[in-house]
Amino acid sequence: MAKLVIVESPAKAKTIGKYLGKDYKVTASMGHIRDLPASQLGIDVENGYTPRYITIKGKEKLVRELKDEAKHADGVLLATDPDREGEAISWHLANVLGLDPSQPNRVTFDEITKKGVQEGMAHPRAIDMDLFNAQQARRELDRLVGYKLSPFLWRKVRRGLSAGRVQSVAVRLIRDRELEIEKFVPDEYWNIDAEFGQGRTAFTARLAADAAGKKLAVTNKDQADGILAALEGKTYTVTQVDKGRRRRVPPPPFITSTLQQEASRRYGFSATRTMRAAQTLYEGVEIAGHGAIGLITYMRTDSLRVSDEAVAAAKEYIGGRWGERYICKTKRKYKSRSATAAQDAHEAIRPSVPGLTPDEVDGSLTGDTAKLYRLIWSRFMASQMADCEQDTVSVGITAGNYLFRASGYQVAFDGYTALYEEATDDKEKKETALPPLEQGQTLPLEKLHADQKFTQPPPLYTEATLIHALEENGIGRPSTYAPIITTIVDRGYVERDGKKLRTTPLGQAVNSVMLDQFPDIVDVTFSADMEKKLDTVENGKANWVDTVDEFYKGFAKSLENAEKNMEGKRVKVADIPTDEICDKCGKPMVIKSGRYGKFLACSGFPDCKNTRPLVKDTGGLCPLCGGHMLVRKSARGRVYYGCGNYPNCKFMTWDEPVPETCPKCGATLFKKKGMLYCAKEGCGFEKPVEKK
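Note that this is a predicted model, so its numbers are computed, not measured.

Trainee: Could you give me a rundown of the packing of helix α13 (residues 463–472) against helix α14 (residues 481–490), with the residues and numbers involved?
Mentor: Between two packed helices, the angle of one axis relative to the other and the distance separating the axes together describe the packing. Put simply, α13 and α14 touch, their axes get as near as 11 Å, and they point 120 degrees apart. Classified by the angle between their axes, α13 and α14 sit oblique to one another. Judged by the twist between their axes, the crossing of α13 over α14 is right-handed. Contacts from Glu463, Leu466, Ile467, Leu470 and Glu471 in α13 reach Tyr481, Ile484 and Ile485 in α14. Taken together, the residues of the contact of α13 with α14 break down into six nonpolar, no polar and two charged.

What follows is the structure in C-alpha cells.
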C-alpha cells in the first residue's frame, strides 16, 4: 500500500506527487479542517482555557475521505506549510486521524522542488507542540476579543459589528495619521535657486548659507525679496569642490513584508493579491521543459538567511551573465529584524532554482505570477551582486554674501543596479550629474528665482506604508499582514482611496470607543508585547495557557468597566454631508453606510425615508447608447465602469473612461495598458498615453 501524504492545497499535492512517485498518494486537506465553533465562544475559560474544536462546516465529507484513505495507507505523513498555521493544521489532522503527535509523522518543505521535497521527506519529525501552542494561543486571544467585544459594539455603536485584537490597532494607526494631518500647521519657507549653464551642462544650485557658512532659513517673501535684491549683479564663483566615491549596497532579499510593500509600490498590488500569487509560485507551476516546480521558497518568513548553495548558484549565474566584476566577492549577511529561532528556520524569499530566469518561465506564468517571480528573482540576484559605485561631487558657489550648494554624482560602476532598482515612496527630486567644475571658476547665471513652499504633513497610509508600520512596531506576523488589511476594509472601518487608506465614519466611531474603553487593545506597545509573548510560547519558554490567562484577566476587567461607563449610552456614526438635495422633501442628502456599502439617504430621516444609490459619474459617455459612464464596484471590491442606463444598456468595462474624446468620431476614449482607445464599434482609433 502507498503512504499517504497530506498537504493543504490540490496544486501543492499535484507538484509534490510528481516528485514522490507511485509509492505515495498525495492529497489535500483544503486548509484547516477544524476550528472553534462559529456560533459560540468554544473556550472553557474556567477550566484552563480548554478549546472545543469542531469540524468546519462543509468539510465533513472531506474528513471522512481522509480517514478512509489513512486507514488503508501504509503510514501517514503530514506535509502542511512550515509555520504556525501549518503546524496547527497538522495537529488537527493527527487528532482526527488518530495519529500520535509525538511520532515522526510531520514533514516540511521550504521549497517544492525535487531536492526540497527529498530533503523534507528524509527528515520526518514529531509535531512541534510549541509551534502549535503559539497558534492555539493566538486563535484563542482573537476569539476571546472578538466574541466578547462584538456584542458590546452591537449595543453601543451598530448591530453586526465585530472587533479584532490586531485589526483594531491597525485602524488606530490609520486614524492617528489622519488626525496628525488634520492638526498639522504648515510652516512657510522659500527656496532660492540659481540656474547655470544650458543644455547638458545645465544645473541648479540652492541657497544654503551666508558667506561665513551660517545656515540660512528663508521664511517669508520680504526676506526672499531682500536676498534677491542683494544678489542682483553679483558674480557667482565656485569656492569649494569636494569629490568622493560612495557605494550603494543592494537591498536584501525579500521577506513577507518587504515583498508586499514592493509589489504595492511597483504594481499597485494589494497585500492579498501579492500573497495569492506568491502562494501559487511556492506550491508549484507547470513550466515548459521543467514540469511542475515550486518556483520560490516559502513566502511567509521574517528571516533574511540564504543558504550557501543558493548564494553559489546565484553568483555562478551572475558571473556568466554580467561578468566576474559583478559578483559580490564577500558573503553578505543581512540582519533579520524580528525573526524568532523558529522563523529563522526558513530562508528569505528567493527563487528555488536561481538559474531559472524570468524570461525562461514567462510563457508558463500568468500576469501576476510572472510579475512577482521577476521581482523576487531580480531582488535576490541583486542581493548577491557587487555594490554600485558612484563618483560624487559637492560644490559651493559664492555670490556676494551668500553661499549656494549643488551636489551630484556619476555612476562609476553600475553593479547590482544593472538588474534592479528598489521602488520608493519618496518623490523628492533626485541628484543628477554636474558638469566639470573647478575652484575659482566663474559661472554665468541663467536665472535666479525664489519659490514659496510650505512644510507638508505626513502622507496618509497606503498598504505598503501600513505594512511597514505594522512591522516596525512589531504588530502581527508575516501571515497576518494581508488578512489585517482585508479585514478592516471588509468590515467597513477603512476604505481605499486610490492607494491611500482612510477610516470611514464607522471606523472612526469604533476607534473612539476602543480608545476610551479598551486602551490596551489598541495600544501599539501592548500589542507588540503580546506578539513577543506568543514568540516566547513558540520558542518553548512560556506556557500558552498562562499567556492567554494573563491577557484575558485584564481584558475581562476592561469589558466590565466599559459596560458600566457606557450604560445607557450609544455612539452615533457620523453621516457624510453632500450637495445632493432630496427630491421628496428638499432637505440635504447624506452618505450612509449599510450592509451592502454606501448609499444616499435623506437627512430628514425618520420623517423622510428617501434613499438612492450612491454613484460617481466619470464624465465619460457610453459608446453604445451615450449614457453616462458610472464608477461601479464588483462583489470583491474591484472598480469597473458601467453604463448608467443599466439594465437597458449592459455595457461595462474594466478600462477607465478619460476626459478626452476620439478625434475620429467624438466618442469617449478609454485607457488600457498605456494606450487610449475608442470603444465605439467600427472606429478603431488608439494612441499611446502621453507621459507627463
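Trainee: Quick one: what's the story with the sheet that holds strand β2 (residues 24–28), residue by residue and with numbers?
Mentor: Strand order in this open sheet of three strands is β2-β1-β7, and the pairing throughout is parallel. In this open sheet, the two edge strands, each paired with only one partner strand, are β2 and β7 (76–78). Between one strand and the next, the sheet's axes are offset by a mean angle of 25 degrees, whatever the strand orientation. Contacting β1 (3–7), β2 and β7, helix α2 (residues 60–71) crosses the sheet at an angle of about 165 degrees to β2.

Trainee: Can you break down the UniProt feature "site: Interaction with DNA" (unreviewed entry) in the protein residue by residue, with the values?
Mentor: The sites that carry the UniProt feature "site: Interaction with DNA" (unreviewed entry) are, in the present numbering, His32, Arg138, Arg139, Asp142, Tyr147, Trp154, Arg300 and Arg491. The largest pairwise C-alpha distance within this set of annotated residues, which runs over 460 residues, is 34.6 Å, so the set is dispersed in three dimensions. Positionally, Tyr147 belongs in helix α5 (residues 129–156). A relative accessible area of 33% places Tyr147 in the partly exposed class.

Trainee: Help me get a handle on the packing of aromatic side chains, residues and values and all.
Mentor: Applying the stated criterion across every chain yields a total of 19 aromatic pairs. Among the aromatic residues, those joined into a cluster by ring pairs are Tyr49, Phe152, Phe518, Phe526, Phe551, Tyr552 and Phe555. A cation over a ring is seen here: Arg177 above Tyr461, with NZ or CZ 4.3 Å from the ring centre. Directly above the aromatic system of Phe413 lies the positively charged group of Arg325, at a separation of 3.8 Å from the ring centroid.

Trainee: Describe the side chain of Ser29, naming the residues involved and giving the relevant values.
Mentor: Summarising the element assignment, Ser29 is placed in the loop between β2 and β3 (34–35). Of the residues examined, Ser29 reaches a relative accessible area of 0% and is grouped as buried. A distance of 2.8 Å separates the side chain of Ser29 from the backbone oxygen of Gly31, its partner in a polar contact. With residues up to four places along the chain from it excluded, the contact list for Ser29 reads Ile6, Val7, Glu8, Lys59, Leu62, Leu66, Ile89 and Leu93.

Trainee: So, the confidence of the model for the protein: which residues are in play, and what are the values?
Mentor: Residues with a pLDDT of 70 or more make up 96% of the protein, whose mean pLDDT is 92. Note that residues 339–343 has pLDDT below 50 and, in this model, 17 contacts with residues that lie over four places away or in other chains.

Trainee: So what's going on with the pattern of salt bridges? Which residues, and what values?
Mentor: As a working rule, side chains carrying opposite charge can pair if their charged atoms are close by. Enumeration according to the criterion identifies 46 salt bridges in this entry. Notably, a salt bridge pairs Arg300 with Asp81, separated by 3.9 Å at the nearest N-O pair. Of this pair, Arg300 sits in the loop between β12 (291–293) and α10 (308–322) while Asp81 sits in the loop between β7 and α3 (84–97), and the two are 219 residues apart along the sequence. Take Arg300: its relative accessible area is 22%, and that puts it in the partly exposed class. When the shortest N-O distance is used, the salt bridge between Arg350 and Glu347 registers 2.7 Å. Both residues of the pair, Arg350 and Glu347, count as buried. In the salt-bridge network here, residues are joined through shared partners; they are Arg245, Arg247, Arg332, Asp387, Glu389 and Asp391.

Trainee: I'd like a description of helix α7 (residues 221–231), backed by residues and values.
Mentor: When α7 is considered as a whole, its buried residues turn out to be Ala224, Ile227 and Leu231. Each buried residue of α7 lies within a common arc of 65 degrees when the element is viewed along its axis, so the set occupies one face. Counted as exposed and oriented over 90 degrees from the buried face of α7: Asp222 and Ala229. The inward-facing, buried residues of α7 contact β8 (188–196), β9 (203–210), β10 (236–248), β13 (388–399), β14 (402–413) and β16 (445–454). A distance of 3.2 Å separates the backbone nitrogen of Asp222 from a side-chain oxygen at the start of α7, and that oxygen is part of Asn220. In the stretch just after α7, Gly233 is the one whose phi turns positive, near 80 degrees.

Basis of the calculations
Position numbers for residues start from 1 in each chain and track the written sequence from start to end. Only residues with pLDDT of 70 or above have their local features reported here, since the model is predicted, and side-chain atom pairs are shown and tallied only from 80 upward, although totals for entire chains, interfaces and linings are computed over all residues. Excluded from the side-chain calculations are hydrogens and water; all other atoms, namely the structure's heavy atoms, are used. In this analysis, axes come from line fits to C-alpha atoms, helices being fitted only over the stretch in contact, and the angle between any two N-to-C directions falls in the range 0 to 180 degrees. Note on conventions: DSSP H or I runs of at least 4 residues are helices, E runs of at least 2 residues are strands, and numbering of each starts at the N terminus. Oblique is the label for every angle not falling under 35 degrees (roughly parallel), over 145 degrees (roughly antiparallel), or within 65 to 115 degrees (roughly perpendicular). Helix crossings fall into two classes, left-handed where the near helix is turned counterclockwise from the far one by less than a right angle and right-handed where it is turned clockwise. Contact between two residues is taken to exist if any of their heavy atoms lie within 4.5 Å; hydrogens are not considered. Gly falls in the polar group here, along with every residue not listed as nonpolar (Ala, Val, Leu, Ile, Met, Phe, Trp, Tyr, Cys, Pro) or charged (Asp, Glu, Lys, Arg). Strand pairing follows a simple DSSP-based rule, namely that at least 2 bridges must link the two strands. UniProt positions are given in the numbering used here, feature names are shortened, and annotations may be inferred rather than shown by experiment. Only protein chains enter the area calculation, which uses a 1.4 Å probe; residues under 20% of their type maximum are buried, those over 50% are exposed, and those in between are partly exposed. For Phe, Tyr and Trp, where Trp contributes only its six-membered ring, two rings pair if their centres lie within 6.5 Å, and the inter-plane angle classes them as stacked under 30 degrees, edge-to-face over 60, or tilted in between. Charge-over-ring contacts are defined here by two conditions on Lys NZ or Arg CZ: a distance within 6 Å of the ring centre and an angle within 35 degrees of the ring normal. Polar contacts, as counted here, are pairs of nitrogen or oxygen atoms within 3.5 Å of one another; within protein the pair requires one atom able to donate a hydrogen and one able to accept it, and residues that are adjacent in sequence qualify only if both atoms are side-chain atoms. A score from 0 to 100, pLDDT tells how confident the predictor is in each residue. Salt bridges are identified by distance alone: a Lys or Arg side-chain nitrogen within 4 Å of an Asp or Glu carboxyl oxygen. Regarding the arc, it is the one traced by the directions from the helix axis to the C-beta atoms.

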